[in-house]
Each structure stands twice: as structure tokens, then as C-alpha cells.
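Coordinates in review
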Amino acid sequence: MAELKVKTRQTGATATLGRTGLPHVTSVTGGEIDIVTSPSHPGFNPLDLLYSSLSACLVLSARMAASSLGVLDKLTEVSAMVTGEKAAEGLSRVEKFNIAFTIKGDFGDEIRNAIAHAAEDEICTVSNTIRGNPKFETVISG
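Numbering of residues begins from 1 in every chain and follows the order in which that chain's sequence is written. pLDDT decides what is reported in this predicted model: residues at 70 or higher carry local features, side-chain atom pairs at 80 or more are listed and counted, and totals for whole chains, interfaces and linings draw on all residues regardless. The basis for every side-chain value is the complete set of heavy atoms in the structure, and neither hydrogens nor water enter the calculation.

**Here we look at the sheet that holds strand 3 (residues 32–34)**
Basically, it comes down to this: Any two strands between which DSSP finds at least two bridges are classified as paired. Think of it this way: any DSSP run of H or I at least four residues long counts as a helix, any run of E at least two long counts as a strand, and we number them from the N terminus. Axis definition: a line fit to C-alpha positions, over the contact stretch in the case of helices; interaxial angles, taken between N-to-C directions, run 0 to 180 degrees.
The three strands lie next to each other as 1-2-3, forming an open sheet whose pairing is antiparallel. Pairing within the sheet leaves two strands with one partner each, and these edge strands are strand 1 (13–16) and strand 3. Strand-to-strand twist across the sheet, computed as the mean angle between neighbouring axes with direction ignored, equals 15°. Across three bridges, the pairing between strand 2 (residues 24–27) and strand 3 is antiparallel.

Structure representation (C-alpha cells):
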């Protein structure tokens, strides 16, 4: 696969929560989202955001893969539905991610598979991070 040129941008987010109310998250680029905590409330909870990050990264990466494979002009739509299964034992965590790609375009299954695998295994920063073992550096203040 051809070498990808990646533009970098500032990233990061801050979540704020008072004694009452719901978390409010602001990105360093000015995006804002309120987080829900009740299953009956519409909106994003923390796990939804995890799945959203992975699904958005995968579709963007699939488009990049299609471009690298020279078939971007034949791609009409790509979607990635991401769900997960929480671990039954041990630490609270997602034990398994389920990814369902739909890749529409004027090409066969071989190209579809190449796009999906390149997106998931090579290009997507989020999937690469989840598969890795990132370090955490925490600073605490009052």
C-alpha cells in the first residue's frame, strides 16, 4: 500500500462534572458534547463515545485505503457499525469489539476486504491504539 501523508492537528478533550448534573466534554478544537448516564436518555455515554471514535476512524481510514488502492472514484459509501461486549469478570472493560463494515462501490469482494483490512489493521489510529498497550501518565491537582 502507498505511504499515507497524514496532517496533524491538536487533539484532546476535557470533561467537567459538578456535584450534580451530567459530564460536559469540550475538545481542544472547540467541539462540545454533553454525556448521558441513564440508559433511557438519548445521547452519548462514555462507551458510545468509544464505539463512535472507532467507527468514525474506521470509515475515514477506509476512504484513505480506497484512495491508496486507486479505487476511491469507485467508492460510493462506507459505514462501520461498532458494538462491544463487556467483560463478565475482572476489571470493567470492553472485552471484544464487533465491527460490521459495509463498503459500497463498483468493485468486488477482494477490494472490499483489502479496504477493510487496511483501514482496521494499518491506518486507523483508534484501532491501533486499542490493540496496543498505551501508557497512561496522570497528573493530579486540587
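**What about the nonpolar core?**
For the record, the criterion: Only buried residues count toward a nonpolar core, which is a set of Ala, Val, Leu, Ile, Met, Phe, Trp, Tyr and Cys residues joined through side-chain atoms within 4.5 Å. Each residue is assigned to one of three classes by its accessible area relative to the maximum for its type, calculated with a 1.4 Å probe on protein chains only: buried under 20%, partly exposed between the two thresholds, exposed over 50%. A contact between two residues is defined here by any heavy atoms of the two lying within 4.5 Å.
In this structure, Ile103, Phe107 and Ile115 are the most contacted members of the largest nonpolar core, which totals 13 residues. Elements represented by at least two residues in this core include exactly helix 1 (46–68), strand 4 (75–86) and helix 2 (109–123). Ranked by residues supplied to this core, first place goes to helix 2 with five residues. With near-sequence residues (within four places) excluded, Phe107 lies in contact with Val71, Lys74, Leu75, Arg112 and Ile115. Core analysis: the second largest hydrophobic core is formed by eight residues, Leu54, Cys57, Ala80 and Val94 among them.

**A short note on helix 2**
Inclusion rule: For a helix, the expected span equals 1.5 Å multiplied by the number of residues minus one.
Under the 1.5 Å per step criterion, the end-to-end length of helix 2 is 20 Å for 15 residues, consistent within 8% with the ideal 21 Å. Within helix 2, burial applies to Ile115, Ala116, Ala118, Ala119, Glu120 and Ile123.

**Some details on the packing of aromatic side chains**
Our working rule: Any pair of Phe, Tyr and Trp rings, taking the six-membered ring for Trp, is counted once the centres come within 6.5 Å. Such a pair is stacked with planes under 30 degrees apart, edge-to-face with planes over 60 apart, and tilted for the rest.
In the structure shown here, the tally under the stated rule is one aromatic pair. Relative to Phe97, the ring of Tyr51 lies with its centre 6.1 Å away and its plane at 85°, an arrangement referred to as edge-to-face. Highlighted residues: Tyr51 in helix 1 and Phe97 in strand 5 (residues 94–105), separated in sequence by 46 residues. Residue classification places Tyr51 among the buried residues on the basis of a relative accessible area of 13%. On the basis of relative accessibility, which here comes to 23%, the residue Phe97 falls in the partly exposed class.

**Brief notes about the packing of helix 1 against helix 2**
Definition in use: The hand of a helix crossing depends on one turn: near helix anticlockwise from the far one by less than a right angle means left-handed, and clockwise means right-handed. Think of it as three bins: nonpolar holds Ala, Val, Leu, Ile, Met, Phe, Trp, Tyr, Cys and Pro, charged holds Asp, Glu, Lys and Arg, and polar takes everything else, Gly as well.
Following both chains from N to C, one finds helix 1 and helix 2 inclined at 115°, their axes separated by 8 Å at the closest point. As for how helix 1 packs across helix 2, the hand of that crossing is right-handed. From helix 1, Leu58, Ser61, Ala62, Met64, Ala65 and Ala66 reach across to helix 2, where they touch Ile115, Ala118, Ala119, Glu120 and Ile123. Residue composition of the contact of helix 1 with helix 2, by class: nine nonpolar, one polar and one charged.

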